[in-house]
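Summary of structural features
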Amino acid sequence: IEFDLGDLVICTKYIERWSKQNNVDWIRRFQRVIAHGLCHLIGCKHENKTEYEKMRVYEEIALRAVVGTKYSLESMKLKVD
């Protein structure tokens, strides 16, 4: 089975700059950007707080499934519908 959801374009220079400015590990930020982009490819939006919080949950799921990184949904205090 083949799926074509679209393309992700990632600017690594932006990720590096953002990571330094926010004192965040570059790899963790890169993983988050990939998860965020995947969420957009499946139709998630974040135009309001409710959509943003739901998208963050999906990002966490993507990070766990694709990257294998263990993030805690509980620590984010997000409610999964």
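A quick note: this is a predicted structure, and the numbers were derived from the prediction, not measured.

What follows is about the environment of Ala 62. Relative to the assigned elements, Ala 62 resides in helix H3 (residues 49–67). Residue class for Ala 62 comes out buried when judged on its relative accessible area of 14%. On a C-alpha basis, the gap between Ala 62 and Ile 34 in space is 8.9 Å, while along the polypeptide they are 28 residues apart. Each residue touching Ala 62, except ones within four places of it in the same chain, is listed here: Ala 35 and Val 67.

So, about the layout of surface pockets. There is about 160 Å³ of room inside the second largest pocket. If you trace the second largest pocket, you find it lined by Ile 10, Cys 11, Tyr 14, Ile 15, Arg 29, Arg 32, Val 33, His 36, Tyr 52, Arg 56 and Glu 59. Ranked by residues supplied to the lining of the second largest pocket, first place goes to helix H2 (residues 26–41) with 4 residues. Residues that form the lining of the second largest pocket fall into these classes: 6 nonpolar, 1 polar and 4 charged.

Conventions adopted
Residues numbered from 1 in each chain as written. Predicted model: local features only at pLDDT ≥ 70, side-chain atom pairs only at ≥ 80, totals over all residues. Heavy atoms only, no water. Helix = DSSP H or I, 4+ residues; strand = E, 2+ residues; numbered from the N terminus. Buried < 20%, exposed > 50% of the residue type's maximum accessible area, 1.4 Å probe, protein only. Contact = heavy atoms within 4.5 Å. 1 Å grid on protein atoms, 1.4 Å probe; cavity = no way out; pocket = protein on both sides within 12 Å on 5 of 7 lines; lining within 4 Å. Points joined across faces, edges and corners; volume = space filled by probe spheres on them. Nonpolar A, V, L, I, M, F, W, Y, C, P; charged D, E, K, R; others polar.

Nothing here speaks to function; it is geometry throughout.
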